[in-house]
Structures are given as C-alpha cells and as structure tokens.
Amino acid sequence: MNLGRLMQGKPHADTPGVTIATPRAYELFGDVCFADRRNSAFTRLAELGGAEAADRVLDVGCGTGYLTRHMASLAGPDGAVTGVDPSPPVLDYARRKKQRADSAPCTYQEGIADSLDLPDAAFDTVVTSLMLHHLPE
Ligand SMILES: C[S@@+](CC[C@H](N)C(=O)[O-])C[C@H]1O[C@@H](n2cnc3c(N)ncnc32)[C@H](O)[C@@H]1O
C-alpha cells in the first residue's frame, strides 16, 4: 500500500505538482514519521529561515501550515505570514488551526510555486518545507 498515493489530491490545473487532499492523514503521517521530533525539527528549520520580528514571511507549499505557524511565532505580532498551496483542503485545515496569541497573523491562499500570484518585494523572508519533491524534476 502506498500511503503517499492515498493522501494525494486532484492535480491543480496549472502545475504538475502532486497535491495533498487529506490534511488529517497528512498530519498523522507527519507526526509518526518525525517520531516526536516534528516540533523541534520545524522550530530549528524556522530559525534557519532567518526571519526576524515584524517580517513579512511567505511559506510556499505550506500544506497544513505547520511551518507557517512556526514562522508566525518568529515574526511576532507585528509580522505577517502568508501560506500558499494549490490544495484547498489543506488550506481549509490550516485556516482552522489555532495560533499562539503573540504570533503574526497567518493568511492562506491558493497558489503554486511555479507561478506565484503575489506582488514583487512583498516579503522579507521566503521559506518552504517538504514541497520540492512534489514537483517533477
Ligand atoms: C509534503 S507537503 C508539505 C507541506 C508543508 N510544507 C509541511 O512541511 O508540512 C507538500 C505540499 O506541496 C504542495 N504542492 C504540490 N505542488 C505544488 C506547487 N506546484 N506549488 C506549491 N505547492 C505545491 C502540496 O499540495 C502539499 O501541500
């Protein structure tokens, strides 16, 4: 049984990237794969992203928003974080997740890495996690 295939969503019209349609299964899969280290791994990854307080941060291929929320903690209440993903179900899930009170507001929008529909120079920091292998070589 291919678990990855079970979580796959419909292809987005504008990208051959493999989307995720089952946010809860993806979250469970992530927790199991990282074996209790998901939070510490993403905390470190977020730190390596280099965002500072009040930054405007973009997370490309944000999925369920796990890294997005970590970036929001770093950017703090004066920052702003945008997550972009081609899959509506993961974006809906991300929008419903609670955020820490002292973190930057997260907003989520449908989009693709191949052609971002965002203004130039709108972000101080751009991050991505576990997304590139969803694109064809
Ligand atoms: C393995 S998930 C990673 C999600 C999240 N970044 C994380 O670390 O949990 C990969 C994500 O890439 C998204 N994706 C697929 N093709 C994409 C594309 N062309 N542009 C942006 N994201 C894409 C999928 O919908 C999926 O949510």
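Reading the values: the criteria
- Residues numbered from 1 in each chain as written.
- Predicted model: local features only at pLDDT ≥ 70, side-chain atom pairs only at ≥ 80, totals over all residues.
- Heavy atoms only, no water.
- Pairing = 2+ DSSP bridges.
- Helix = DSSP H or I, 4+ residues; strand = E, 2+ residues; numbered from the N terminus.
- Axes fitted to C-alpha atoms, helices over the stretch in contact; angles between N-to-C directions.
- Contact = heavy atoms within 4.5 Å.
- Buried < 20%, exposed > 50% of the residue type's maximum accessible area, 1.4 Å probe, protein only.
- Lys, Arg positive; Asp, Glu negative; His and termini not counted.
- Salt bridge = Lys/Arg side-chain N within 4 Å of Asp/Glu carboxyl O.
- Polar contact = N/O pair within 3.5 Å; in protein donor to acceptor, adjacent residues only side chain to side chain.
- Expected span 1.5 Å × (residues − 1).
- Arc of directions from axis to C-beta.
- Near = heavy atom within 4 Å.
- Areas by Shrake-Rupley, 256 points an atom, 1.4 Å probe, with all protein chains shown as cover.
- Nonpolar A, V, L, I, M, F, W, Y, C, P; charged D, E, K, R; others polar.
- Phe/Tyr/Trp six-rings, centres within 6.5 Å; stacked < 30°, edge-to-face > 60°.
- Lys NZ or Arg CZ within 6 Å of the ring centre and 35° of its normal.

J.: What exactly am I supposed to notice about the sheet that holds strand β3 (residues 106-110) here?
T.: The strands making up a sheet are joined through hydrogen bonds of the backbone, oriented either antiparallel or parallel. Spatially, β3-β2-β1-β4 is the arrangement adopted by the 4 strands of the open sheet, whose pairing is parallel. On the outer flanks of this sheet lie β3 and β4 (125-127), each paired with one strand and no other. The average undirected angle you get between the axes of adjacent strands in this sheet is 20°. Of the strand pairs in this sheet, strand β1 (residues 56-60) and strand β2 (residues 80-85) are connected by 5 bridges, and their pairing is parallel. By the bridge assignment, R56 is partnered in β2 with A80. Where helix α5 (residues 88-96) meets the sheet, its contacts fall on β2 and β3, and the angle it forms with β3 comes to roughly 170°.

J.: What am I meant to see in the side chain of D85 here?
T.: Within the element layout of this structure, D85 appears in strand β2. The charged side chain of D85 is buried without a salt bridge, its nearest counter-charge being R95 at 10.0 Å. Of note is the side chain of D85, whose polar atom sits 3.5 Å from the backbone nitrogen of C62. Residues in contact with D85, not counting those within four places in the same chain, are G61, C62, G63, V90, L91, Q109, E110 and G111.

J.: Teacher, can you tell me more about unusual backbone geometry here?
T.: Residues apart from glycine generally show negative phi values, whereas peptide bonds are mostly found in trans. Its identity is not glycine, yet D36 carries a phi of approximately 75°, on the positive side. What makes D36 exposed here is its relative accessible area of 79%. A positive phi angle, close to 60°, is found at A121, a residue other than glycine. Following the sequence through the fold, A121 ends up in the loop between β3 and β4.

J.: Honestly, helix α2 (residues 23-34) in this entry has me stumped. Any pointers?
T.: Since the α-helix advances by 3.6 residues per turn, residues separated by three or four positions end up pointing in the same direction. Between the first and last C-alpha of α2 there are 16 Å, a value that for 12 residues agrees with the 16 Å anticipated at 1.5 Å per step. The set of residues buried in α2 consists of P23, E27 and G30. Around the axis of α2, the buried residues are gathered within 60° of arc, so they sit on the same side. Along α2, the residues that are exposed and aim more than 90 degrees away from the buried face are R24, L28, V32 and C33. Downstream of α2 by one or two residues, A35 has phi in the positive range, about 45°.

J.: Explain the site of the ligand here, please?
T.: Around the ligand, the surrounding shell holds 21 residues, and the nearest of these are G61, D85, A113, D114 and S129. In this structure, G61 approaches the ligand through a main-chain N or O atom, which is 2.8 Å from a nitrogen atom. In this structure, D85 approaches the ligand through a side-chain N or O atom, which is 2.7 Å from an oxygen atom. Against a free-state accessible area of 600 Å², the protein chains account for coverage of 99% of the ligand. For the shell around the ligand, a count of residues per class yields 11 nonpolar, 8 polar and 2 charged.

J.: What should I look at first to understand the packing of aromatic side chains in this one?
T.: Pairs of aromatic rings are described using the distance from one ring centre to the other and the angle between the two planes. Taken as a whole, this structure holds 2 aromatic pairs when the rule is applied. Geometrically, the ring pair formed by F34 and F42 is edge-to-face, given 5.6 Å between the ring centres and 70° between the ring planes. For F42, a relative accessible area of 6% translates into the label buried. Where F42 meets Y66, the ring centres are 5.0 Å apart and the plane angle is 80°; that geometry is what we call edge-to-face. Taken as a pair, F42 in helix α3 (residues 38-48) and Y66 in helix α4 (residues 66-75) lie far apart in primary sequence, 24 residues in all. Look at Y66 and you get buried, because its relative accessible area is 15%. Above the plane of the ring of Y66 lies R38, whose end atom (NZ or CZ) is 3.8 Å from the centre.

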